[in-house]
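Coordinates in review
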Amino acid sequence: MAFTFAAFCYMLSLVLCAALIFFVIWQVIAFDELRTDFKNPIDQGNPTRAVRRDRASLCVRVCMRISVCLVVPEYSIHGLFCLMFMCALEWVTLGLNIPLLFYHLWRYFHRPADGSEVMYDPVSMMDADILNYCQKESWCKLGFYLLSFFYYLYSMVYTLVSY
Amino acid sequence: MSVPGFNPSPAAGFTRHPTPIGGAAPLCQNGAVQTYPSMHSQAGYGATHPHYNSAPGHYAQMPSKAPPVNNQYGMNYYHNNYQQPVQTTARPGMAPVFRAPQVHSSRPPVSSQAMGPTSNVSMSSASPLHTGPPQPGAYPASAGYYGSSMPLVAPDGTSAQGFPPHSALATVPSAANSAYPIVSYPSAPGSSQYGTLPSSQTSAAGHNLVGAGPIPSSVSTAPQAPLQQVPLGHSVTSSWPSSAAVSAPPSYSGSLPGTVAAVNSQANTVLPSAANRLDQSCQPPWMFGAVHPTAGSPAPGRLATATPTPPVSASLAQHEGADSSSTTSSASPVPSNYEALEGGSYPDTSSKLPPGPPVSQASKAAKPFGCGYPSLQPAYQQTSALSSYSTNSQSSNPSNPPGYQQDSQPYPTMNQLSAALGGLSLPAQQLEALRPVNLMQDRNILPSTEVQAPVPNLSTDLKKANCRSDSFRCTLTNIPQTQALLNKAKLPLGLLLHPFRDLTQLPVITSNTIVRCRSCRTYINPFVSFLDQRRWKCNLCYRVNDVPEEFMYNPLTRSYGEPHKRPEVQNSTVEFIASSDYMLRPPQPAVYLFVLDVSHNAVEAGYLNVLCQSLLENLDKLPGDTRTRVGFITFDSTIHFYNLQEGLSQPQMLVVSDIDDVFLPTPDSLLVNLKESKELVKDLLNALPSMFTNTRETHSALGPALQAAFKLMSSTGGRVSVFQTQLPSLGAGLLHSREDPNQRSSTKVVQHLGPATDFYKKLALDCSGQQIAVDLFLLSSQYSDLASLACVSKYSAGSIFYYPSFHHVHNPAQAETFQKDLRRYFTRKIGFEAVMRIRCTKGLSIHTFHGNFFVRSTDLLSLANVNPDSRFAVQMSIDESLTDTALVCFQAALLYTSSKGKRRIRVHTLCLPVVSQLNDVFAGADVQAITCLLANMAVDRAISSNLTDSQDAVVNAVVDSLSAYRSTTSSFQQSGVIAPYSLRLFPLYVLALLKQKALRTGTSTRLDDRVFAMCEFKCQPLQQIMRMIHPNLYRIDNLTDEGALHVNDSIVPQPPILQLSAERLTREGAFLMDCGSVLYLWVGKSCDVTFISDVLGYPNHASIQQNITQIPELETPSSERTRSFITWLQENRSFNPVLYIVKDDTSAKTNFFQLLIEDRTEAALSYYEFLLHIQQQISK
């Protein structure tokens, strides 16, 4: 039973991983909102409702919100994980996270418009392909973070116990 | 008042409340000069300075007048305008001198009043005038307008907007209503073409004044076309070329044998004509020749006998119409000619001749309709007039006497559906489309006339009701049943929409309840099925809906219980006048803002002159009503606003030099009511070109100017027209040159097709949110990074115009193009704050959109402005198998605010059959639509990936689809490239696509040209794109009258279209190439001298001038023929193409020969080589 740096890393990542899961769930909801919002006959009895709702910039807002509030923190937190595990010499965990790290880097450097800080481009967001892709991506990430949450839990206990 | 932070703000020096701030600024009566750093105005452009100096008495009034002004405006000012408190004395001395160097800015009070802050003086001197009208704000008329427009009374509205004759025709005397039991449907505001029938009938029935006269008379207006010398005026096409010409309905008129007969029957007013009608409708549609002789030739005679007094009925209606302002709502066909209703811009022409439009329409219809059928008889013109009229009367069929109706089935739509279900066997036409063609052997696959859109394989009734192919077109007219089948066919499935086209015939429906499906919100359309009288089944989601009470009444027949005869159910393109339910806010007025580059470069190019002249000419024709507002902003390294407030003696220029944080110097007098301030606007337009002649400012602050425009417009929305002549070099959104001229002809990766900054995109999104569209005119001789600039129009639903190397003297052809384009641009119809939703049958879904807009939801496009020249495309995918349905429908609904401040919904519905066999999919392929969609996809691919990728993808599209076809016909193995007849032009078009500026590599192409070509692909109408991709080549030195068209009074020869290959050219001939936006006339070296002298007016080939842009008017028959042909080509589209004369031995011929796409160029394959390449790929 020893409280090593590795154990600390796992504890911290456990907390942060919960935050990541939260972020990703938020993303999933946001994409879903984008996709289904207008398909729903909003108020069936009242034709005016569908028109009256001022959603002019819904897509823009959602994209901005996701990009700025969710994606950037998510990427940086995940980067922090990798850094921590590297410092803690937890190579296996690092190895598990490296693919996602590279994926994130790739995403970040292939942003839609040059010089834009917006990860999800509002103008092409509604293309079915891109929306599908984004949705799938966030579901996959959700799975990954959930698994890694339990993995971190296990590893934390393991490191705490083993030394 | 003199709060420290606030005091030195612009308000201090600037405005109309000098007193409070005067406390802080001791010297002057009306404002502190020196505390007004960042902005000053130049009252009346320098020349007027003496005026201010010499009128001290005027200024002396200030103190006394100022206080009331202050009372009125003070609050506004402090709250709204001056978010600029930081502008302290940063540049105190500089401001006054800035644009008024000759000024005496160092002099004591008097001069400082007059000068430095000429702004102060001018503004404040203006203010006494404002004290008169208590609120000369920006919305003087609007409040009243909104109030009155709320009821949305069709006839009332039209007449209120200064269109008496039309509305008079339209409004039927309310007395007539008494003849009919249901009082709540008082009148049928029908007008000229579409509605004359019902309205004149009403008057006949209600008053017995004209007896039975009006009916035949109104019918006869159309057939009179050939006789009447076409008095129309309304669509004489000089001022509004396209409205009639482009949109004359060929397929309608062609495919309506039944209604042709219907007109007959009406004209005869003989009942048993139903039999006649049945005969007619048995004939195959689209056999133009077959229909007309029978239907048409007897008709003119009979109709001619029935031509009594259209004026009588008209004037009668007009007289009565004056009383009948009380019509509230009725589902009724209102003037089908949209321009008639919209047409405040042509009050003079169209109001003269109420019966004119139908005539023009009828005669115009002949053009595109007959263009492919050279062997038409002389009687053709009359018959076509008839048949096109019959389109109008289509929904007036029900107005036949009751006997006729008993013959017809009670629920025709049901029958139509079942007929369609039963009759899905392939007709001859489709078998023909499947005939295999060996492209390697058949060289002459190009038809000698323009390629027509294939007709969906539907029952006659459905075909008749289906949407016109130039409004709504699908790449596959037979929809595959499953995605798997679609994948097998390897053809793209998509729609091409041209929703806001200029239409000559459009049923407009005013109704309390717009009938829509309760579940999917689909508008009722001709393809729904009526289960019984009270219920209908949606054709998109299959929900069963109730028919509302109001819908049971048919205003055309004035009969009850015939919902399937309503115009909504008879026409696949209808327009509804929407109620306030469809408004988020009161309909906005038409607002036009012009943002003009006045830097040295712009002045040098000299576009201002052309622009101002053109705007002056068209000022009265700008679409709009009494609320129309205009504004002007000019910019170089600073931004200049123009105060045009009514009551000023001269326009005032206000200069904002702080481009990092742009603000509006005065909020409510920059966008002014055009009607009230027309004189000032004219003054400004007259003065503008000369104001900046000596400027030495070379910078261009486009970004800040756009931000200012956004601020100015954001409260209302509207249209911003930006004229830019160089790379923006200052402030936000500045760009750097990215083009390397040495890479222009590189075969490697072409870079910089995407935007360099997202500033313009973000701005466009902001604009789109505030219903502002930005139209970009780029008149640049150098690289201006159109790839970045275009974003501002792309995402705000604007349009992009590009005039490379524009110069008013050195490039007259370009200047002429610019001028013509401007004329069309200013006068064309416009819809504001629009959204378009595309719905499709359950199982299909929209995949990707192409065009200029912002996609707001998976099926909703946000269009700040919609114009009649923009086209949209969508790619579809098949989510669920369509096995349980035989028909699919697509519906595009465009909700917009017309320039008259009416909320309108234009609905197009297209119905297509579903097939389960691969062969049938190929049989229904529409090669032009496929090419067009492919071009859009290729552009996307080129931007997101790279050019080589997209070229490969395009070639693969051909290879894949042809090998898919080959697999279906695997029974015989034949060498060569086998294509179904329907796709025989596909390889040719794709090769042509690869040789376009947008996609070509290896040939020197300027980056801006390339990007502009891409933008055109994304938003030009299909016909235009096809002419760009594959121009039409005609030989015109031996034009004959054989097979000529008769349009109006002129005879238009129809030479055959030649293949685009140099082998078709001879030195002895003269050839005309029609590339959509340009016409090239190539004159061979040894061309017949008589042609050169008779047509071109030169003695011999050597003396032909290069820079003439039109054929001289000579009195020789060959000249007349040539001119009428060229004019016909030019008038057939919205933007007039400019004619270039290409001689055999000049550099201009490079352009010409590059367009001969079947030939080999140094960088690209010839057609034969391309086929070999395809063959190789297929057999791999």
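Rules behind the numbers
- Residues numbered from 1 in each chain as written.
- Chains lettered and ligands numbered in written order.
- Predicted model: local features only at pLDDT ≥ 70, side-chain atom pairs only at ≥ 80, totals over all residues.
- Heavy atoms only, no water.
- UniProt positions renumbered as here; feature names shortened; annotations may be inferred.
- Pairing = 2+ DSSP bridges.
- Helix = DSSP H or I, 4+ residues; strand = E, 2+ residues; numbered from the N terminus.
- Axes fitted to C-alpha atoms, helices over the stretch in contact; angles between N-to-C directions.
- Buried < 20%, exposed > 50% of the residue type's maximum accessible area, 1.4 Å probe, protein only.
- Contact = heavy atoms within 4.5 Å.

Comment text from UniProt for chain B, heading Sequence similarities (unreviewed entry), reads "Belongs to the SEC23/SEC24 family. SEC24 subfamily."

The name that an unreviewed UniProt entry assigns to chain A is Protein cornichon-like protein 2, with the source organism given as Huso huso. Word for word, the UniProt comment on chain A under Subcellular location (unreviewed entry) is "Membrane". If you open the UniProt record of chain A and go to Sequence similarities (unreviewed entry), you find "Belongs to the cornichon family."

Moving on, we get to the sheet that holds strand β9 (residues 535–537) of chain B. Residues and elements named next belong to chain B. Spatial ordering of the open sheet is given by β8-β9-β10, a layout of three strands whose pairing is antiparallel. Edge positions in the sheet fall to β8 (529–532) and β10 (544–546), since each has one partner strand and no second. Recorded for the sheet is a direction-independent mean angle of 35 degrees between the axes of neighbouring strands.

Right, let's get into the pairing of strand β35 (residues 1078–1083) of chain B. All names here are of chain B. Counted residue by residue, β35 has six buried out of six residues, so it is predominantly covered. Strand direction decides the pairing type here: strand β34 (residues 1070–1074) and β35, joined by five bridges, are antiparallel. When the sheet's bridge partners are listed, Ala1070 is paired in β35 with Val1083. Between β34 and β35, which pair antiparallel in sequence order, lie three residues; one of them, Gly1076, sits at a positive phi of approximately 85 degrees.

Following the sequence through the fold, Ser788(B) ends up in helix α37 (residues 786–789). The contacts of Ser788(B), once residues within four sequence positions are left out, are Leu735(B), Arg738(B), Pro755(B), Ala756(B), Thr757(B) and Tyr760(B).

For the rest of this paragraph, the subject is the UniProt feature "transmembrane region" (unreviewed entry) in chain A. Residue and element names in this part refer to chain A. Sequence positions flagged by UniProt for "transmembrane region" (unreviewed entry) are, in local numbering, residues 7–29, 77–103 and 142–161. Secondary structure content for residues 77–103 is 89% helix and 0% strand, and the end C-alpha separation is 14 Å. Strand forms 0% of residues 142–161 and helix 100%; the C-alpha atoms that close the span are 29 Å apart.

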